[in-house]
Amino acid sequence: MRFGRFGFTYRFLPSKAHLRVMTPNYESWSKEELITRLKELETTKKHDTKSIHSPKSKKPFHFSSHPKRKIAIKFCYSGWEYNGLAYQNGPTPLPTVEDVLFKAFVKARLVDEHGGLDGCGWEKCGRTDRGVSAAGQVVSLWVRSALPTEAPPSSLIPPSDPSSSNSAQSEVASSSFTPDEEGTDALNDLATDAVEDIPQNTSTSSQPSNRLELRYVSILNRVLPPTIRVLAWSPISPDFSARFNCKHRHYKYFFTSHGLDISLMQSAANQLVGEHDFRNLCKLDPGKQISNFHRSVMRAQINPVSPESDGDNRLYVFDLVGSAFLYHQVRHIMAVLFLVGTGLEQPSIISALMNVSPDESNSLHDPQLPLVDRKPEYQMADALPLMLWDCAYADSGVTWQTDDDGTESGTGSELYHQLHSIHQRSLIHTVLDEHFLTAAAQYHSPPPQYFPFSQTGLTPHTLPRSNLAREPVLGVPLGAGTYKRGAKYVPLLERKRLDHVDVANERWRIGRGSKYSKQKQDETADDGIE
C-alpha cells in the first residue's frame, strides 16, 4: 500500500493493477493539487447531471405530413394587459395579443412557427389599440387537422428549411410570451395525444370515418394566459377572410352618468348614423396615407347597463355598430359626447365636425352648419372602457362550435367558471373601492358639482368663484374616472386646427413616406381599427 501523486491510497493486486480507494489524504496535497482536483470534480458533476437530466430526443414533427384546414376562432382578451392586438416588429412595453396567441398555436403544433403569420394565412377582423379589450375578436388561419381535408394554397405553405423563410412575423414564436411550467407540461400531454391520432396523409379516404376533430378550444386555452380565452371555433371555406367577410363590427364603451346629461348625449349620437366623413372624429396619421374618411354607422345608441338605478353613478354603455372604423374613431366620438353631456358643447357639434365640405353640408341637411375642413385639437377618451364586442358574419360563412361535451365537468363549464370567478373577484374590488370612498367622505367633502349644465343651470361664464376669488377648475370627463382639468374651457370650433389631411399626407410622402407607406397601409387600412 502506498500514496499516489495526489495522496490517493493504492493497493497492489496480484494482477499488478491498481485499485483506487476513494478516501484521498487531502492533508498532504499542495494548493495547486487541491485546485486541480476541484476542477476535476466540477467537470465530472456537470457531465453526470447532463446525462441524468438530458431530455429524450423527440420524434421530428413534419407539418407537411399532416392534414390542414382553415378555421376561424373567436376569442376575448383583457386589453389593459397588452400592447394592442397587432404583432409589432420592434420591442413593446407589453406583449401583443397576436404575439401571445400565435405562440400558443405554435406550442400546440397547430401551425408551423417557421412560416410565421403569413405562412398560415393569418387574418384578424379588427385591430384594437393598447388598452382596448375584445369579447368577440376573430382570426382566420390554416391549422393542423385530425381529419383528411384539402391542403392550403401553395403560397401559404412555409418552406421546409427554417432559414429560407424571410417572413418578419416568424419572430413571433420566439418573443416574450412563455407559458408557465405547469401549463407547458399539461399542453404537451394534450398535444401529444392529439398528434398520435392524426392520419399521416392528406388524401380523402373512401371509407367513412368517425374520427373527431382536434379540440381547438381546449388545446389553446390550456396554454394561453387567463387574460386571453378562446371561446369558439368554426370551419370556414378556403377563401374566407376574417377581415373582408365581416359584415359589421360592434364596439361598446362603458361610462357612468356622473355629471352627464344622457339625453343630450343620445341626441348627439343620433347624428352619427349613416355614411359620413369622420376625419375630425378620429386620429389622423399621415403614415397611413388615408384619403377616404367616409364610414357607415348603422347604430349609435346609449343604454343603461342594468335596469337598476344607482343615482348619479348609473352605468351606461354606448353601442356603436358600423361596417368599418378609422383609427381611434370610437374614442374620439366618446370624447365629444362627454363634452355634450356636460353642457360644454351642443349636440350639433357632431354634425359640425362631420361637415368637412359643401357636399357634406347637403347630406347633413343643415346649411347653417359651419364648415370644419380641419380637425380641432382635443383629447380622445380613455381606452379602458372600450371593447370590441362582436364581429358579425353571414350565417352561411361561420358555424361556431366548442369542445363542450355537455357534462358538468366539460370544457365549456370550465371556461365559464374561470370567467365567472374573475367577474366575482372584480365585484369584490368594486365594493372595497366603494367603502374606501365612504370612509374618506367622513373627513373630506366632495368638490363642487358644476356638470351637467342642463341640471345645475350654470354656463362656462357663470361658474362660481372660490372664497379666494379664484376661477374654478373644471374636470372634463374622459372616461374611466379620468379627467382633463383646466380653469378655462375653449369651445371646440375656436381651438387651434391641425393641418388639412391632404397637406399632412403630402408632407409625409415627401419626407419619411416612401420607406414605410406600403407597410402602414397593409396593416391598418379600412378594417375595424380602434
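**Brief notes about the overall build of the protein**
- A tally of regular secondary structure across the protein gives 12 helices and 14 strands.
- Counting all 530 residues of the protein, 44% fall into the buried class.
- For the protein, the proportion of contacts with a sequence separation of at least 24, taken over those separated by at least 6, is 73%.
- Looking at the protein as shown, the accessible area adds up to about 29,600 Å², and 53% of this sits on carbon and sulfur atoms.

**Some remarks on the pattern of salt bridges**
- On inspection of all chains with the given rule, the structure shows 10 salt bridges.
- Here Asp277 makes a salt bridge to Arg279, at a shortest N to O gap of 3.0 Å.
- By relative accessible area, Asp277 is classed as buried at 2%.
- When its relative accessible area of 12% is taken as the criterion, Arg279 is described as buried.
- Notably, a salt bridge pairs Asp499 with Arg507, separated by 3.0 Å at the nearest N-O pair.
- In this structure Asp499 comes out as partly exposed when scored by relative accessible area, which is 38%.
- The class for Arg507 is partly exposed, based on a relative accessible area of 47%.

**Quick notes on a nonpolar patch on the surface**
- Among the surface-exposed residues, Tyr26, Leu34, Leu38 and Leu41 lie close enough to one another that they form a single nonpolar patch of about 350 Å² accessible area.
- With respect to the helices and strands, Leu34 occurs in helix H1 (residues 31-53).

**A closer look at the side chain of Lys375**
- Tracing the sequence through the fold places Lys375 in the loop between helix H9 (358-364) and strand E12 (386-392).
- Glu377 is the oppositely charged side chain nearest to the buried, salt-bridge-free Lys375, at an N-O distance of 9.3 Å.
- A polar atom in the side chain of Lys375 sits 2.8 Å from the backbone oxygen of Cys282.
- Each residue touching Lys375, except ones within four places of it in the same chain, is listed here: Arg279, Asn280, Cys282, Lys283, Leu284, His332, Lys496, Arg497 and Leu498.

**Describing the pairing of strand E13 (residues 474-479)**
- Extensive coverage of E13 is indicated by the burial of six of its six residues.
- Of the strand pairs in this sheet, E13 and strand E14 (residues 482-486) are connected by five bridges, and their pairing is antiparallel. Looking across to E14, one finds that Pro477 is bridged to Tyr483.
- Hairpin connection from E13 to E14: two residues lie between these consecutive antiparallel strands, with Ala480 at a positive phi of about 60°.

**With respect to helix H5 (residues 216-223)**
- By the criterion of burial, H5 is predominantly enclosed, with seven of the eight residues buried.
- Of all the positions in H5, only Tyr216, Val217, Ser218, Ile219, Leu220, Asn221 and Val223 are classed as buried.

**Focus: unusual backbone geometry**
- With an omega dihedral of -5°, the bond running from Phe451 to Pro452 counts as a cis peptide bond.
- Topologically, Pro452 is positioned in the loop between helix H10 (411-441) and helix H11 (453-456).
- Despite not being glycine, Arg109 shows a phi value in the positive range, around 60°.
- Relative to the assigned elements, Arg109 resides in the loop between helix H2 (97-107) and helix H3 (116-119).
- Given a relative accessible area of 29%, Arg109 falls into the partly exposed group.
- At Gln289, a position not held by glycine, the phi torsion is positive, near 55°.
- Counting through the fold element by element, Gln289 comes out in the loop between strand E9 (274-277) and strand E10 (294-304).
- Residue class for Gln289 comes out buried when judged on its relative accessible area of 14%.

**Observations regarding the nonpolar core**
- Phe75, Phe105, Phe255, Leu272 and Phe318 are the most contacted members of the largest nonpolar core, which totals 101 residues.
- Counting residues per element, this core draws most heavily on helix H7 (residues 329-342), at nine residues.

**With respect to the packing of helix H6 (residues 262-270) against H7**
- Axis separation between H6 and H7 bottoms out at 8 Å; the angle between their running directions is 135°. Considering the angle they form, H6 stands oblique to H7. Crossing handedness for the pair H6 and H7: right-handed. Together, Leu264, Met265, Ala268 and Ala269 of H6 and Met334, Leu337, Phe338, Val340 and Gly341 of H7 make up the contact between the two elements.
- Looking at the contact of H6 with H7 residue by residue, the class counts come to eight nonpolar, one polar and no charged.

**Thoughts on the packing of aromatic side chains**
- Following the criterion strictly, the structure yields 10 aromatic pairs and no others.
- Geometrically, the ring pair formed by Phe105 and Trp122 is edge-to-face, given 5.9 Å between the ring centres and 85° between the ring planes. Residue Phe105 is located in helix H2, and its partner Trp122 is located in the loop between H3 and strand E5 (123-124); the two are separated by 17 residues in the primary sequence.
- For Phe105, a relative accessible area of 0% gives the class buried.
- What makes Trp122 buried here is its relative accessible area of 10%.
- Each ring, one from Phe255 and one from Phe338, has its centre 5.8 Å from the other, and the planes form 80°; the classification is edge-to-face. Linking Phe255 in strand E8 (residues 248-256) with Phe338 in helix H7, this pair joins segments that are 83 residues apart in sequence.
- The exposure class assigned to Phe338 is buried, which follows from its relative accessible area of 1%.

**Comments concerning the confidence of the model for the protein**
- Considering every residue of the protein, the mean pLDDT works out to 83; 75% of them sit at 70 or more.
- Across residues 1-21, where pLDDT falls below 50, the model places 36 contacts with residues more than four positions away in sequence or in other chains.

Criteria and cut-off values
- Residues numbered from 1 in each chain as written.
- Predicted model: local features only at pLDDT ≥ 70, side-chain atom pairs only at ≥ 80, totals over all residues.
- Heavy atoms only, no water.
- Helix = DSSP H or I, 4+ residues; strand = E, 2+ residues; numbered from the N terminus.
- Buried < 20%, exposed > 50% of the residue type's maximum accessible area, 1.4 Å probe, protein only.
- Contact = heavy atoms within 4.5 Å.
- Areas by Shrake-Rupley, 256 points an atom, 1.4 Å probe, with all protein chains shown as cover.
- Salt bridge = Lys/Arg side-chain N within 4 Å of Asp/Glu carboxyl O.
- Patch = residues over 30% accessible without salt bridge, like charges linked within 9 Å, V, L, I, M, F, W, Y side chains within 5 Å.
- Lys, Arg positive; Asp, Glu negative; His and termini not counted.
- Polar contact = N/O pair within 3.5 Å; in protein donor to acceptor, adjacent residues only side chain to side chain.
- Pairing = 2+ DSSP bridges.
- Core = buried A, V, L, I, M, F, W, Y, C linked by side-chain atoms within 4.5 Å.
- Axes fitted to C-alpha atoms, helices over the stretch in contact; angles between N-to-C directions.
- Parallel < 35°, antiparallel > 145°, perpendicular 65-115°, else oblique.
- Left-handed = near helix turned anticlockwise from the far one by under 90°.
- Nonpolar A, V, L, I, M, F, W, Y, C, P; charged D, E, K, R; others polar.
- Phe/Tyr/Trp six-rings, centres within 6.5 Å; stacked < 30°, edge-to-face > 60°.
- pLDDT = per-residue confidence, 0-100.

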